[in-house]
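Topology and contacts: notes
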Amino acid sequence: MLEEKISRRTFLKATALAVGALSVGAVGTFSFETWKGKRAEAERKDDIRVIPTLCAACSNYCGLNVYVKNGRVWRAVGLPQHPKSKGKICARGHGLLATPYLRQRLTQPLKRMEDGSFQPISWEQAFREIGEKLQEIRTKYGPGVIAHISYSGRKTARWYGERLLWALGSPNTFTHDASCNTGRVVGFEHTVGGTPGTDIANARYMVYMGRNLAEGITPGDVFELAKAREKGAQIVVVDPRGNNMYQMATKWVPIRPGTDLAFVLALAHVLIREGLYDAAFVKEYGYGFEQFAQAVEKYTPQWAEEITGVPAATIEEVARGLGKNKPRAFIHPGWRGPTGNSYANSVDTARTVALVNALLGNYQKEGGLIFGKNPPFGNLDPAKYPAPEKPALPRVDNEWTLPHNVVTAVPDKIRDGALKAIIVNSSNPVMHYNNPLYAREAYKLLELLVVVDIFMSETAELAHYVLPEVSYLERDDVVEGIGGKKPVVALRQQAIGKIHPETKASWEIYRGIAEAAGVGKYFNFTIDELNQAMLAPTGLSLNELKAEGTVVLNSPLLLGTPNFETPTGKVEFYSTNFKAAGFDPIPNWKPPLVMPDVSKGEFRLINGRQAYHSHTNTTRNPYLLALTEHYHGDRLWINRRVAERMGLKEGDWVEVRSEAATARVQVHLTEAIHPEAVFIYAPYGSLAKDAPGRNFAFSFMTLLPYHKLDPVSGIAMTQEIVVTLRKI
Amino acid sequence: MYPGQIMPGQIWGWIIALYLFLAGMSAGAYTTAYLSQRLYPHLKVIRWSGYIVAPPLVIIGLVTLMIDAEAGFFHPWRFFFLYIGNPSSIMAIGVYILTLFTPLALYRAVVSLAEIWRDGGEKKWPLGLDRFFARPPEWLRWFVEGRGWIDFLGLVMAVATATYTALLIGNIHAVPFWNNSILPVLFVVSAFSTGIAITLFTATAWDPKVQEHYAPYLALSTSLKGLELFLLFALLYFSWYGDQAAKASTADLLWGRLALPFWILLVVLGLALPLRYELQERKHLLAGHVPALAASVPAGDKRPVDAGSLSPRLFATSQIMHLFAIVGGFVLRYLILLAGHFVYFLPTW
Amino acid sequence: MARYGMLIDLTKCAGCMACTVSCQLQNDLPPEVHFIKFYQQEYGTFPVVSLVNIPVQCQHCEKPPCVYNCPTGASYIADGGVVLLNESKCIGCKYCMTSCPYNARVLNEETHTPMKCIFCFDHVKEGEQPMCVQTCLGEARVFGDLDDPESELNKQINEKKARPLRPDLGTKPKIFYVW
């Protein structure tokens, strides 16, 4: 009954949004002056508080000031000192402010019954039963069958999840990375020792390969890009699709999807052939350059033109542009696109991008790639707060040696019986990491699945226990450190009181589970105590940080002397780690896994981020979904002339068929896409029963052929999908 | 149209089209009646028909307008601001015009009733009207007897009303398909021709014998319809060679999303068919033939209309043609509203 | 009194719609009501294509057709050249909505009266920038006083040769675009 009442009250609050609109209409009732007086009077009556905290719309976790009017979140303004936001907040960040008040929120711990329905239970019962079950599974199979999956951006979940798992004796903590940027991480880590940031504002020539700053947004990066553009920088976008960066770019290079590696190899070829590379840098910091130079000799622009469809002259132009502007020139490392998780050659593309940047000698230079400096964080005093040992057991995904964790392998590990119990926090592994239809069947086999979330996600629907968390505006989290030219610490703190009394913050949930599982002694602290301990070396007090929200530490990074954390300490043109793992130490051309046969009417299905959505997380947000609806953001992009030959008009429905499944969608006809590709924005096609996102298009993941993982990095190769279209 | 753009036809829908149409037709009916009164005073039925249908039409139009203006509908006192708020607004001017035309039309309808009463042998009428018509108070004598200059004032206001319905949308610079010099003429012509149609329809239903005297009306009506077709052509022609948005409007009408109603309801049923029939009918009358419907009623028969004979009077071919022309007038306005595109303000290079 | 205007530099616009959503929250609008709308147009054929993505809101025209056509005087030009609507005079005839070449007005389903961008002028009077300007990721938007020749706004308008949309309509819009 209580639950019903609460949900009704929240519903009223949700409709209050519409009623609030009345105040706008009343605007012009008086002259400017009287109106202002009236408004000021109203605002004096309003209790407005400003709380500095962090956004949660994507992994950037931008700093923002949340304005709370009469106890209700009103609006947000970016914190100028936060390096990701630079005082700016994107559409998602604004729209997400409605989250605490959404009707679909989970309000009470739920337990799945025999018949599949969910029954509300008390927290005590939930903790007790989960704790007992964990202990039972550990005794029966050993601790290695327990795993934890979280969103890697969510430090609280990662930190507490790892501690809980280590306390239980399991090393199997997973993050979502293999579904996102693992290709890039692996490529860069084993070539230059890590993924550097980009000094966009000071660069003169930039190449973005499938990295779309305008839709995969980091507000601060867009800000810097605009500054650079104003200063006359050349901005080249290499993408099969004319994405939203088009307007800020100076050149769009439409490329055949899946062939980015050939393009970068040809860039390396031209840079070396024409002596445009930084020989001194390569000599001082390079390892195995000769072998690499020899390997790329065959990758001429003419050769690349055949493969990529990009004219050789354009490749030469870009290479020369990079070479002439070095070191204030770079190829962006990318994020999720062609270097991150899209193709069988993504890791090699990432490596080559890292190497071309080395040819430009731009590491740790202004306008180049910069390994940032992280803030020094402390830890809890082990005398007072006993810490669990790192388990000696091998990870279940240890057949991959190059990446840190391979979450995409989890369904297979469950099928093999290697995993029996999983705790999921702030993540939706069923929907996002593999083909959801394949993953769903696997996750159903678990003996214990605990999901901590604020919504009934696809994963939560399969859980034995669903534990409702408070939303990001109602909780404190573990302090965040952001590396950069100056290290930055930032804190998410509670902006409003709990909306639903029976929800808890993650750290309380972990403590509850730990206590019930018999490892409570490792969790004998509050989050404030943890944060104070972590902050100690920075010299900041928790209260100071709470007042500011985001603090820039005044210990700037010295540019000019890069430190490559590879086995050789150098830029590895010849990768020793790849050699050791049994892979090609030199990035050679490798075709994508599949190629559409255009003569048979096949297309490659490509996907990408949308400026106003972050995965299924935001497809529950009314503000952001309204944008989708208004701008038909869920349509499948197809080249206009190709579509017209097929007799398709704007908005026609088509059936999209891959070897795995079929889906229905409306088409969007445009000249701004490669004729061999069709494109869909990523966040749509939810499968959860109560998700509004299910009414929009489809998820490209459902069309992903079952279970193909890259042997190098474990990425799911999300653009290795060949589809055909049929008008319906 | 760009994705997400609202079109003016979505803002002002069929209610406004109906209002523009009814106000125009009312003005047309009044004009027809007035011309009849001046030129053919013996054709009383036609005169009365026009004068009597005019006020209800414009009143219904005004009511629909008020319903469409929901903020005013729920806060009626706000309509007061129409008179003092912004006198230079076309819509405010229209309100002034209608404020004059509506009572004038009502007044002339009362005078017509008095004429009918007298013509019908001064019988007893409900509501004590017969007493009022027989012995009006001294200060209301003009109300029963009629005054020529008031009728003329009504005519002026009728013409103003018809013009205003066109200028209301013609003044919208944002929509090039509306903002041109052809549209007002087209609307005025259409108002007059639908006014004739409703007047003749009513008169024929009342007394089929008036058909014998249709010749001059049909001459006028056919010329107006011919002119209407020509103006429509001119509007589309100049729009096609005009702004991008106007071009899109033309395309919508000629072969786009509005092509079906445009060709079938407007061009064929609303204009061409009635025009062809009226031309034929006029030839027929001029040749000295008595129209079929009129012949069915014996000459000199002044019996009141009974239910049995009403049906053929309403649904004879000539009557159906009048109805088609009337519906055509509404369709014309509705389609022109729907076909409006806002100017394209994105850069073209 | 100032004469407020804005510049939008499309070469710095990511088309991210942050302005649209921040404006909704700032003005307590329901999710489906947008004061700032985006229009996209493409020119050319693959692979030589140009795209343009323009945010459009009330242009606060100096000769606003909405104000001239409003029959009740509900729409008016307030101090600072900001075009506003006095709801208590509005009958909801929607003439202003059809008159606006920029499609800037939307109907408030609750009150049946039109709404639109108000240049956040209550906050502007207190020295803040309009919300869309504050949040614009690329700082594509510049807000300021057109009467002040020294203002950043005027400098950029002159420097970048910014133009209003459809100046030929004679509405004298106060939002200038760079493309």
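Residues numbered from 1 in each chain as written. Chains lettered and ligands numbered in written order. Predicted model: local features only at pLDDT ≥ 70, side-chain atom pairs only at ≥ 80, totals over all residues. Heavy atoms only, no water.

Here the focus is the overall build of chain C. Along the backbone of chain C there are six helices and nine strands. Here the C-alpha radius of gyration of chain C, 16 Å, is about what a compact globule of 179 residues would show, namely 16 Å. Buried residues in chain C amount to 77% of all 179 residues. By sequence separation, contacts in chain C at least 24 residues apart represent 56% of the contacts at least 6 residues apart. With the model as given, the accessible surface of chain C reaches about 5,200 Å², and the carbon-plus-sulfur share is 51%. Both charge centroids of chain C, one from 17 positive and one from 20 negative side chains, sit 8 Å from each other. (Helix = DSSP H or I, 4+ residues; strand = E, 2+ residues; numbered from the N terminus. Rg over C-alpha atoms; globule rule 2.2 N^0.38 Å. Buried < 20%, exposed > 50% of the residue type's maximum accessible area, 1.4 Å probe, protein only. Contact = heavy atoms within 4.5 Å. Areas by Shrake-Rupley, 256 points an atom, 1.4 Å probe, with all protein chains shown as cover. Lys, Arg positive; Asp, Glu negative; His and termini not counted. Charge placed at Lys NZ, Arg CZ, Asp CG, Glu CD.)

With that settled, the discussion passes to the packing of helix α9 (residues 260–273) of chain A against helix α15 (residues 346–359) of chain A. Residue and element names in this part refer to chain A. Between α9 and α15, whose axes approach to 9 Å, the crossing angle comes to 20 degrees. In terms of their interaxial angle, α9 and α15 are classed as roughly parallel. Both α9 and α15 take part in a crossing whose hand is left-handed. Within the contact between the two elements, α9 uses Asp 260, Leu 261, Val 264, Leu 265, Ala 268, Leu 271 and Ile 272 and α15 uses Asp 348, Thr 349, Thr 352, Val 353, Val 356 and Leu 359. Split by residue class, the contact of α9 with α15 holds nine nonpolar, two polar and two charged. (Axes fitted to C-alpha atoms, helices over the stretch in contact; angles between N-to-C directions. Parallel < 35°, antiparallel > 145°, perpendicular 65-115°, else oblique. Left-handed = near helix turned anticlockwise from the far one by under 90°. Nonpolar A, V, L, I, M, F, W, Y, C, P; charged D, E, K, R; others polar.)

Turning to the pairing of strand β15 (residues 421–425) of chain A, a few remarks are in order. Residue and element names in this part refer to chain A. With five of its five residues buried, β15 lies for the most part within the structure. On β15, burial covers both faces: Ala 421, Ile 423 and Asn 425 on one face and Ile 422 and Val 424 on the other are all buried. Where strand β6 (residues 146–150) meets β15, five bridges bridge the pair, whose relative direction is parallel. Looking at the pairing, His 148 lines up with Ile 423 of β15. (Pairing = 2+ DSSP bridges.)

Turning next to the packing of helix α12 (residues 244–254) of chain B against helix α13 (residues 259–286) of chain B. Residues and elements named next belong to chain B. Between α12 and α13, the shortest axis-to-axis distance is 5 Å and the interhelical angle comes to 60 degrees. Here α12 contributes Asp 252, Leu 253 and Leu 254 to the contact with α13, which in turn contributes Ala 259, Phe 262 and Trp 263. When its residues are assigned to classes, the contact of α12 with α13 shows five nonpolar, no polar and one charged.

This part is about helix α6 (residues 90–119) of chain B. Residues and elements named next belong to chain B. The end-to-end C-alpha distance of α6, which contains 30 residues, comes to 42 Å, matching closely the 44 Å that a straight helix rising 1.5 Å per residue would cover. Its side-chain oxygen at 3.1 Å from the backbone nitrogen of Met 91, Ser 89 defines the N-terminal cap of α6. The positive-phi residue at the C-terminal boundary of α6 is Gly 121, with phi of around 95 degrees. (Expected span 1.5 Å × (residues − 1). Polar contact = N/O pair within 3.5 Å; in protein donor to acceptor, adjacent residues only side chain to side chain.)

Residues and elements named next belong to chain A. Sheet architecture is open: three strands sit in the order β18-β19-β20, paired in antiparallel fashion. The open sheet terminates on both sides in strands that have one partner only, identified here as β18 (480–482) and β20 (550–552). Between one strand and the next, the sheet's axes are offset by a mean angle of 20 degrees, whatever the strand orientation. With three bridges connecting them, strand β19 (residues 488–490) and β20 associate as antiparallel partners. Directly across from Val 488, in β20, lies its bridge partner Val 552.

The feature "domain: 4Fe-4S Mo/W bis-MGD-type" (unreviewed entry), as annotated in UniProt, sits at residues 48–104 of chain A in this numbering. Annotation note: span residues 48–104 of chain A, helix share 9%, strand share 37%, distance between end C-alpha atoms 27 Å. (UniProt positions renumbered as here; feature names shortened; annotations may be inferred.)

On the surface, Glu 629 of chain A together with Glu 32, Glu 109 and Glu 110 of chain C cluster together to form a negatively charged patch. Relative to the helices and strands, Glu 629 of chain A resides in helix α24 (residues 622–630). (Patch = residues over 30% accessible without salt bridge, like charges linked within 9 Å, V, L, I, M, F, W, Y side chains within 5 Å. Salt bridge = Lys/Arg side-chain N within 4 Å of Asp/Glu carboxyl O.)

This paragraph deals with the confidence of the model for chain A. Detailed reading of the predicted model is not advised wherever pLDDT is low. Mean pLDDT over chain A stands at 91; residues scoring 70 or higher make up 94%. Across residues 1–37 of chain A, confidence stays below pLDDT 50; counting only partners more than four residues off in sequence or on other chains, it has 67 contacts. (pLDDT = per-residue confidence, 0-100.)

Moving on, we come to the interface of chain A and chain C. Listed by partner, the interface residues are 66 residues for chain A and 66 residues for chain C. Summed over both partners, the interface of chain A with chain C buries about 5,600 Å², with 60% contributed by carbon and sulfur atoms. Taken together, chain A and chain C are joined by seven salt bridges. With a closest N to O distance of 3.8 Å, Lys 69 of chain A and Asp 28 of chain C form a salt bridge. Among the secondary structure elements, those contributing two or more residues to the side of chain A that touches chain C are α1 (2–20), α2 (22–25), α3 (32–45), β3 (72–78), α4 (91–95), α8 (219–230), α24 and α25 (640–645) of chain A. The residue makeup of the side of chain A that touches chain C, split by class, is 38 nonpolar, 15 polar and 13 charged. (Buried area = accessible area lost by both parts, 1.4 Å probe.)

On to the nonpolar core. Counting residues in hydrophobic clusters, the biggest one holds 164 residues, and the most contacted among them are Met 206, Phe 263 and Tyr 363 of chain A. At ten residues, the largest contribution of residues to this core is made by α9 of chain A. Apart from the residues within four sequence positions on either side, Tyr 363 of chain A is in contact with Phe 188, Val 192, Pro 196, Phe 281, Ala 354, Asn 357, Ala 358, Leu 369, Phe 371, Pro 562 and Phe 564 of chain A. In terms of nonpolar packing, the next biggest core, distinct from the first, is built from 102 residues, Ala 17, Met 91, Tyr 217 and Leu 236 of chain B among them. (Core = buried A, V, L, I, M, F, W, Y, C linked by side-chain atoms within 4.5 Å.)

Right, let's talk about the packing of aromatic side chains for a bit. This structure, assessed with the given rule, holds 54 aromatic pairs over all chains. Taking the centre distance of 6.1 Å and the plane angle of 75 degrees together, the rings of Trp 125 of chain B and Phe 133 of chain B count as edge-to-face. Residue Trp 125 of chain B is classed as partly exposed on the basis of its relative accessible area, which comes to 23%. Among the residues examined, Phe 133 of chain B registers a relative accessible area of 4% and is labelled buried. Put simply, the rings of Trp 159, Tyr 160, Tyr 385, Tyr 510, Phe 523 and Phe 525 of chain A touch in pairs and so form one group of aromatic residues. (Phe/Tyr/Trp six-rings, centres within 6.5 Å; stacked < 30°, edge-to-face > 60°.)

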